[in-house]
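Read off the chains here:
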Amino acid sequence: MKIGIVCYPTFGGSGVVATELGKSLASIGHQVHFITYEQPTRLDFLSTGLHYHKVDIQTYPLFKYPPYELVLASKMVNVVRSEQLDVLHLHYAIPHASAAYMAKQILREEGIHIPTVTTLHGTDITLVGKEENFAPVVTFSINQSDVVTAVSESLRRQTFDLFDKVHHEILVIPNFIDLNRFTRQKKEHFKKAICPENEKLIVHASNFRKVKRVDDVVKVFAQIRKAMPAKLLLIGDGPERRSIERLCQETQICQDVRFLGETDAIEEVLSVADLFVMPSEKESFGLAALEAMACEVPVVASNVGGLPELIEQGLSGFMSHVGDVDDMAKNAIHILQEQNLVKFKKQALERAKNFEISKIVPLYEQAYEEAIQKNMIIR
Ligand code: GMT
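In this text, all values refer to a predicted model and were calculated from it rather than measured experimentally.

A look at the site of the ligand
Close to the ligand lie 19 residues; His121, Asn175, Arg209, Glu283 and Ser284 are nearest. Phe285 is positioned with one of its backbone polar atoms (N or O) 3.1 Å from an oxygen atom of the ligand. Within the contact set of the ligand, an oxygen atom lies 3.0 Å away from a backbone nitrogen or oxygen of Leu287. If the ligand stood free it would expose 490 Å²; the protein chains cover 94% of that surface. The cavity that encloses the ligand is the largest pocket. Among the elements that take part in the shell around the ligand, helix H1 (residues 13-27) stands out by supplying 3 residues, more than any other. Considering only residue class, the shell around the ligand consists of 5 nonpolar, 10 polar and 4 charged.

Let's talk about the side chain of Asp124
Along the chain, Asp124 falls in helix H4 (residues 123-126). Among buried Asp, Glu, Lys and Arg side chains, Asp124 stands out as unpaired, with Arg209 the closest opposite charge at 9.1 Å. From its side chain, Asp124 meets the backbone nitrogen of Ala93 in a polar contact 2.9 Å long. Not counting residues within four places of it along the chain, the set of residues in contact with Asp124 comprises Tyr92, Ala93, Ile94, Thr119, Gly129 and Val138.

A short note on the sheet that holds strand S9 (residues 230-235)
Within the open sheet, the 6 strands sit side by side as S10-S9-S8-S11-S12-S13. Their pairing is parallel. For this open sheet the edge positions go to strand S10 (257-261) and strand S13 (317-320), each flanked by a neighbour on one side alone. On average, adjacent strands in this sheet sit at an angle of 20 degrees to one another, irrespective of strand direction. Bridge count for strand S12 (residues 299-302) against S13 is 4 bridges, and the pairing is parallel. For Ser302, the partnering residue across the bridge sits in S13 and is Ser320. The strands that helix H9 (residues 241-250) touches are S9 and S10; relative to S10, the one it contacts most, it runs at about 165 degrees.

Notes on the pairing of S10
Pairing geometry for S9 and S10, over 4 bridges, is parallel. Residue pairing in the sheet places Leu232 in a bridge with Val257 of S10. Regarding the hand of the β-α-β motif, the stretch spanning S9, H9 and S10 is right-handed.

What to know about the pattern of salt bridges
Taken as a whole and assessed by the stated rule, the structure comprises 23 salt bridges. Salt-bridge contacts for Glu245 lead to Arg242; the nearest nitrogen and oxygen are separated by 2.5 Å. One end of the pair is Glu245 and the other is Arg242, both in helix H9 and 3 residues apart, which spans about a single turn. We classify Glu245 as buried; its relative accessible area is 17%. The network of salt bridges with shared partners includes Glu20, Lys23, Arg181 and Glu267.

Details of the side chain of His33
With respect to the helices and strands, the residue His33 is situated in strand S2 (residues 31-36). Given a relative accessible area of 2%, His33 falls into the buried group. Discounting chain neighbours no more than four positions away, the residues touching His33 are Ile3, Gly4, Ile5, His51, His53, Val79, Glu83 and Leu85.

Description of helix H5 (residues 135-144)
When we look at burial in H5, the residues that qualify are Ala135, Val138, Thr139, Ser141, Ile142 and Asn143. Looking at the buried residues of H5, the elements they touch are helix H3 (93-109), strand S5 (116-120), H4, strand S6 (147-150) and helix H6 (153-162).

Structural notes on the domain arrangement of the protein chain
Each assigned domain of the protein chain is listed with its residue range as follows: domain 1 (2-176 + 357-378) and domain 2 (188-355). The centre of domain 1, based on its C-alpha atoms, is set 31 Å off from the matching centre of domain 2. With 24 residues of domain 1 at the interface, the matching set in domain 2 holds 19 residues. Inspection of the region where domain 1 meets domain 2 yields 0 salt bridges. Put simply, domain 1 and domain 2 have 7 residue pairs in polar contact (both at pLDDT 80 or more) between them.

What counts and what doesn't
- Residues numbered from 1 in each chain as written.
- Predicted model: local features only at pLDDT ≥ 70, side-chain atom pairs only at ≥ 80, totals over all residues.
- Heavy atoms only, no water.
- Near = heavy atom within 4 Å.
- Polar contact = N/O pair within 3.5 Å; in protein donor to acceptor, adjacent residues only side chain to side chain.
- Areas by Shrake-Rupley, 256 points an atom, 1.4 Å probe, with all protein chains shown as cover.
- 1 Å grid on protein atoms, 1.4 Å probe; cavity = no way out; pocket = protein on both sides within 12 Å on 5 of 7 lines; lining within 4 Å.
- Sits in = over half its atoms within 2 Å of the grid points.
- Helix = DSSP H or I, 4+ residues; strand = E, 2+ residues; numbered from the N terminus.
- Nonpolar A, V, L, I, M, F, W, Y, C, P; charged D, E, K, R; others polar.
- Buried < 20%, exposed > 50% of the residue type's maximum accessible area, 1.4 Å probe, protein only.
- Lys, Arg positive; Asp, Glu negative; His and termini not counted.
- Salt bridge = Lys/Arg side-chain N within 4 Å of Asp/Glu carboxyl O.
- Contact = heavy atoms within 4.5 Å.
- Pairing = 2+ DSSP bridges.
- Axes fitted to C-alpha atoms, helices over the stretch in contact; angles between N-to-C directions.
- Right-handed = clockwise from strand over helix to strand, strands pointing away.
- Domains from an automatic or database assignment.

Laid out in structure tokens, this is it:
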């Protein structure tokens, strides 16, 4: 199949899922064409089936706000034509699904019926998408997609709860993990450098938006540190980073906290971690938690969104109510006890195996087939 993938190329769950999916599809013989404004972060071109088409945004004195969506739609039209794509897969509804609707209409005029699959990832529904500035367009573009998928049952339900005019069927296709890449590696020198006294290592990774509640990570860590020697690694960057740095100073735990910024070698960091903390206010699936679990790192998280579909309470980790840092700290300290840790690590990996990439990619291939079938009927 010739598949066009439209996504955000930056660090962030939806872009990571789109890129890993594209790489996997190319490795099994599909031709995959990424259509984005930058080369996706995790994309390398070692596979012959991978192609990249840059969406070039032009500035013009009249454009206070350059019309990205129009340029994207035109790019989709051109790539569908030139590469004779079989299907377009849109990751994150805003503005990819609505731009695809426009591309589809333009192509229809020429007798080309391009099937579209839209994958809802989270904040495109639960945060940004539901705002009145976006909701009518999000609703319309979901209803106009040939196939719609959501990354968890929770997100599927929330889409219907938050958008009363959405009437399209939504398939659940969870996030996935490549266990060849995300596996615990021997990185003893790295562990020694961060934890010279063999302290327990706590890790958090996110894009530091408010929704991630990184301040709760620091509060949980401050309690763990009172109970045992421990270090905290914060991976990623984003709008809240400065205020988190200030919080660490106020809490006087600076010497035990390191900010790593954005890194590609996340599996190497996870390989030396003992616990992952994800106290998000909303989390449609929690890909970062799955990556941790695959590297044998149990998770302490909030019990929101799709997290209960991933983490088994008391086995691969624990979930608490949003903001209940005392409960999260209590659970963290329980997991980190030497007599418990080995068992939790093993159980985290066992759970992650359910989301192995080879089990999930065929579900997307089926979604593409379904979208193609629908367009044959329309024709
Ligand atoms: O919030 C992020 O980390 C980025 C965001 C996105 O849409 O790019 O991630 C969402 O999609 C991921 C991949 O499907 C999910 O694993 C995350 O749970 C989800 N984030 C939220 O719902 C807050």
